[in-house]
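Breakdown of the fold
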Amino acid sequence: MRGTLTAIASKNKTNSPNYDVIVIGSGMGGLVTATQLAAKGAKVLVLEKYLIPGGSAGYFEREGYRFDVGASMIFGFGTQGTTNLLTRALEAVNVSLETIPDPVQIHYHLPQGLDLKVHRDYEKFLEELIAKFPQEKAGIRRFYDECWQVFNCLNAMELLSLEEPRYLMRVFFQHPFACLGLVKYLPQNAGDIARRYIRDPELLKFIDMECYCWSVVPADRTPMINAGMVFSDRHYGGINYPKGGVGQIPQKLVEGLEKAGGEIHYKARVTKILLEKGKAVGVQLANGQQFYAKRIVSNATRWDTFEKLLPPEMMPKSEQKWQQRYQKSPSFLSLHLGVKADLLPPGTECHHILLEDWDNMEAEQGTIFVSIPTLLDPSLAPPDHHIIHTFTPSWIEQWQGLSPQNYQKQKDEAASRLIERLERIFPGLNQALDYEEVGTPRTHRRFLGRDGGTYGPIPGRKLAGLLGMPFNRTAIAGLYCVGDSTFPGQGLNAVAFSGFACGHRIAVDLGL
Ligand SMILES: Cc1cc2nc3c(=O)[nH]c(=O)nc-3n(C[C@H](O)[C@H](O)[C@H](O)COP(=O)(O)OP(=O)(O)OC[C@H]3O[C@@H](n4cnc5c(N)ncnc54)[C@H](O)[C@@H]3O)c2cc1C
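- An unreviewed UniProt entry lists the protein chain under the name prolycopene isomerase, with Rippkaea orientalis given as the organism.
- Turning to the protein chain, the UniProt record has this under Catalytic activity (unreviewed entry): "7,7',9,9'-tetra-cis-lycopene = all-trans-lycopene".
- Reading the Subcellular location (unreviewed entry) entry of the UniProt record for the protein chain gives the comment "Membrane".

If you want it as C-alpha cells, here you go:
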C-alpha cells in the first residue's frame, strides 16, 4: 500500500467523525440519500463541487432563459402507488413542488414516415400504435400489458434496500406474488419479451427506440424491470414537469435537508476518500480540508469514485469485474436554444425524438432528443419565446485533442447540422433563433464531474437483465455508492430509488 495511504489514515484523535454521513455530490441520488437520512435524525453533510445542487438535474440561466442541464422528462411525480419516488422524497423532508402534467410523453419522428405519439392515456397510445401496425394488434397489447405486470409488482411494495434482509422478508410476506413476479423479471431484457409477441421488424425497431431513448441501448440490452417501470408509469403517474424548471427539485430537497438539520457545502470538490485500515472514514477536498464521518457515500460515478477518489491499488475485484461487464455510455452534444414563439404551431408537444435512418439509432450524433419545457411552463423564457433543448449522443473522443479554434469550429458545425436536421420537424428554426449555446461531452465532464461526460453505465454485451447492477454497499467498508451507476440505473426516478435504498441501508447500519 502506498505511503500516501498511511498519511491519509492518520490516527489523530481530531479525526473522530463529526458527522454520521458524508455524501459526495448533490445529484438527485446523493440528495435523496441525504434527505432520507437527515429525516431519520442522522447528522449529514453533503459536499458539492459546483455552485448549485442537482448535477444532471441542475439548471443554468442566460438572457432571461432558464435551461435544464439534462433531464426534463420527469417520472416519479405521481400521486398514488409506491413508485412516485420524487413526490415521496420531497414529502419526507416536508417540502413539495407544483407540477404540470404532460399529455404526451414523446412525439416520435422515425424512419419511413413512422410518426406517432405516446399519449398519457394508455388506450389512446395503443390505438395509435396499432393503427400503424394492425397486423401486430395482439402482440402489441401483450407486450405492453406484460410491462404492466412488472410495474404492478413494483408499485405494490415500498421500494427500499434490496440489501436489507429484514425488509426483504417483510415485503415478501406482505406481497409474495409481487416479489415472485419481480424475481422472474430481474434477469430478463425487454427485447426477449418483445420478440415473444412481435414479429414485424419495423415494430421491433420501434421497441428498440422506446428503450434506447432512456437506456441508450436497444431492447435486447435493456432490463425488463426498467422497461416495465417506464412503459407503464408514463400512463399511471404520468410525466409531470416541475413548475420553475427541473432545477427546482434539487433546490427543494436542499431546503428540506437544511430544515431537517443537514448541511450542504458548495464549491467543495472532494479529491480523496480517506481510509483507515481499509475502511472509508472521511474525505479530503481540493483545498486540503478534511471531514470525517461514520459512513461515506459517493454520488460520483463508479469510474470517478474508484479510479479518481481512491488509490488505484484499492480498486476492489468486484469493481474490476463490473467494469468488464458494463461500459461508459456516450455523453451528449447539447444545444440550448431560445426561439421565437411563433415557430411552434399550436399542438406542438414538449418532447420529440427524431431519427431518419434506423441504422443510425446508436451512431455518434444519430438519434436527436428534443425538449421544449416552455410549452408546459412559459415562465422559463422571456415573453413570446420558447426554449428548445436538443441533444444527441456523442463520444468524448470526438472532442479531444482539438485546438481551441478547431474545438469552436467543430461545435459550430455540429450545431448547424443539428439545426438543419431539426428543420424537418420545426420548419423555420434557423430563422427563429434568438439564443444558442452548445455543450459537448467535454462540457458534461467539466460541469457534472462525470468521467468522459458519460450518461451512465450501459451493458457492454447482453447481460441477464438487472442482475449485474450493484446495490449501494461497496467492497470497501464504510463506503457506499448512490446514483446512476448503482441499481437500477439512469433517470431521476431511478436514482431516487437508489437514494431511498442507500439511505435505508445506512440507517440500518447506523442503527437509526
Ligand atoms: C442530456 C441529459 C438528458 C437527460 N434526460 C433525462 C430525462 O428526460 N429524464 C430523466 O429521468 N433523466 C434524464 N437524464 C438522466 C438523469 O439526469 C440522470 O440519470 C440523473 O440526474 C443522475 O443523477 P445522479 O445522482 O446519479 O448523478 P449526477 O446528476 O451526475 O450528480 C452527481 C453530483 O455529484 C457532484 N460531484 C461529482 N464528483 C464530485 C466530487 N469529487 N466532489 C464533489 N461533488 C462531486 C457533481 O457535481 C454532481 O452535482 C438525462 C441526462 C442528461 C445528461
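So, the overall build of the protein chain
- Along the protein chain, the regular secondary structure elements total 17 helices and 20 strands.
- Against the globule reference of 24 Å for 512 residues, the protein chain gives a C-alpha radius of gyration of 22 Å, in line with a compact fold.
- Along the first, second and third principal axes, the C-alpha set of the protein chain runs to 70 × 60 × 40 Å.
- The buried share of the protein chain, taken over its 512 residues, is 60%.
- In the protein chain, the share of contacts with a sequence separation of at least 24, taken over all contacts with a separation of at least 6, comes to 72%.
- Carbon and sulfur atoms make up 52% of the accessible area of the protein chain, which totals about 20,300 Å².

Comments concerning the sheet that holds strand β16 (residues 368-371)
- One open sheet accounts for 7 strands, arranged β7-β6-β15-β16-β17-β14-β18; its pairing is mixed. Two strands close off the open sheet at either side, each with one partner strand: β7 (114-119) and β18 (433-439). Ignoring which end each strand starts from, the neighbouring axes of this sheet average 15° apart.
- The pairing of strand β6 (residues 104-110) with β7 spans 6 bridges and is classified as antiparallel.

Observations regarding the packing of helix α5 (residues 137-154) against helix α8 (residues 190-197)
- Where α5 meets α8, the closest approach of the two axes is 8 Å, and the angle between their N-to-C directions is 150°. Looking at the two axes, α5 sits roughly antiparallel to α8. Viewed along their axes, α5 and α8 form a crossing whose handedness is right-handed. Between α5 and α8, the residues in contact are Gly139, Arg142, Phe143 and Glu146 and Ala190, Ile193, Ala194, Arg196 and Tyr197, respectively.

A word on the site of the ligand
- With respect to spatial proximity, 32 residues lie near the ligand, and among them Gly29, Glu48, Ser56, Arg450 and Leu492 are the closest.
- Here Asn299 contributes a side-chain N or O atom positioned 2.9 Å from an oxygen atom of the ligand.
- Within the contact set of the ligand, an oxygen atom lies 2.9 Å away from a backbone nitrogen or oxygen of Asp484.
- When the free accessible area of the ligand is taken as 1,000 Å², the share hidden by the protein chains comes to 94%.
- Contributions of two or more residues to the shell around the ligand are made by α2 (28-39) and α17 (492-509).
- Counting only domains with at least three residues in the shell around the ligand, you end up with domain 1 (19-57 + 75-98 + 242-326 + 461-510) and domain 3 (331-448).

With respect to α5
- Between the first and last C-alpha of α5 there are 27 Å, a value that for 18 residues agrees with the 26 Å anticipated at 1.5 Å per step.
- Of the residues making up α5, those classed as buried are Gly139, Ile140, Phe143, Tyr144, Glu146, Cys147, Trp148, Val150, Phe151, Cys153 and Leu154.
- Looking at the packing, one finds that the buried side of α5 touches α4 (122-132), α7 (176-185), α8, α9 (201-215) and α10 (224-236).

A few points about the pattern of salt bridges
- Across all of its chains, the model carries 24 salt bridges by this definition.
- Residues Glu255 and Lys252 are paired through a salt bridge, measuring 3.4 Å at the closest nitrogen-oxygen approach. With Glu255 and Lys252 both in helix α11 (residues 248-259) and 3 residues apart, this pair spans about one turn of that helix.
- Judged by relative accessible area, Glu255 falls into the partly exposed class, the value being 35%.
- Of the charged contacts, one joins Lys409 and Glu413 as a salt bridge, the two residues approaching to 3.4 Å between their closest N and O atoms. Of this pair, Lys409 and Glu413 both sit in helix α14 (residues 404-422), separated by 4 residues, roughly a single helical turn.
- For Lys409, a relative accessible area of 48% translates into the label partly exposed.

Re the layout of surface pockets
- Of the volumes computed, that of the second largest pocket is approximately 300 Å³.
- If you tally residues by element for the lining of the second largest pocket, the top one is helix α6 (residues 165-174), at 4 residues.

Parameters and conventions
Residues numbered from 1 in each chain as written. Predicted model: local features only at pLDDT ≥ 70, side-chain atom pairs only at ≥ 80, totals over all residues. Heavy atoms only, no water. UniProt positions renumbered as here; feature names shortened; annotations may be inferred. Helix = DSSP H or I, 4+ residues; strand = E, 2+ residues; numbered from the N terminus. Rg over C-alpha atoms; globule rule 2.2 N^0.38 Å. Buried < 20%, exposed > 50% of the residue type's maximum accessible area, 1.4 Å probe, protein only. Contact = heavy atoms within 4.5 Å. Areas by Shrake-Rupley, 256 points an atom, 1.4 Å probe, with all protein chains shown as cover. Pairing = 2+ DSSP bridges. Axes fitted to C-alpha atoms, helices over the stretch in contact; angles between N-to-C directions. Parallel < 35°, antiparallel > 145°, perpendicular 65-115°, else oblique. Left-handed = near helix turned anticlockwise from the far one by under 90°. Near = heavy atom within 4 Å. Polar contact = N/O pair within 3.5 Å; in protein donor to acceptor, adjacent residues only side chain to side chain. Domains from an automatic or database assignment. Expected span 1.5 Å × (residues − 1). Salt bridge = Lys/Arg side-chain N within 4 Å of Asp/Glu carboxyl O. 1 Å grid on protein atoms, 1.4 Å probe; cavity = no way out; pocket = protein on both sides within 12 Å on 5 of 7 lines; lining within 4 Å. Points joined across faces, edges and corners; volume = space filled by probe spheres on them.

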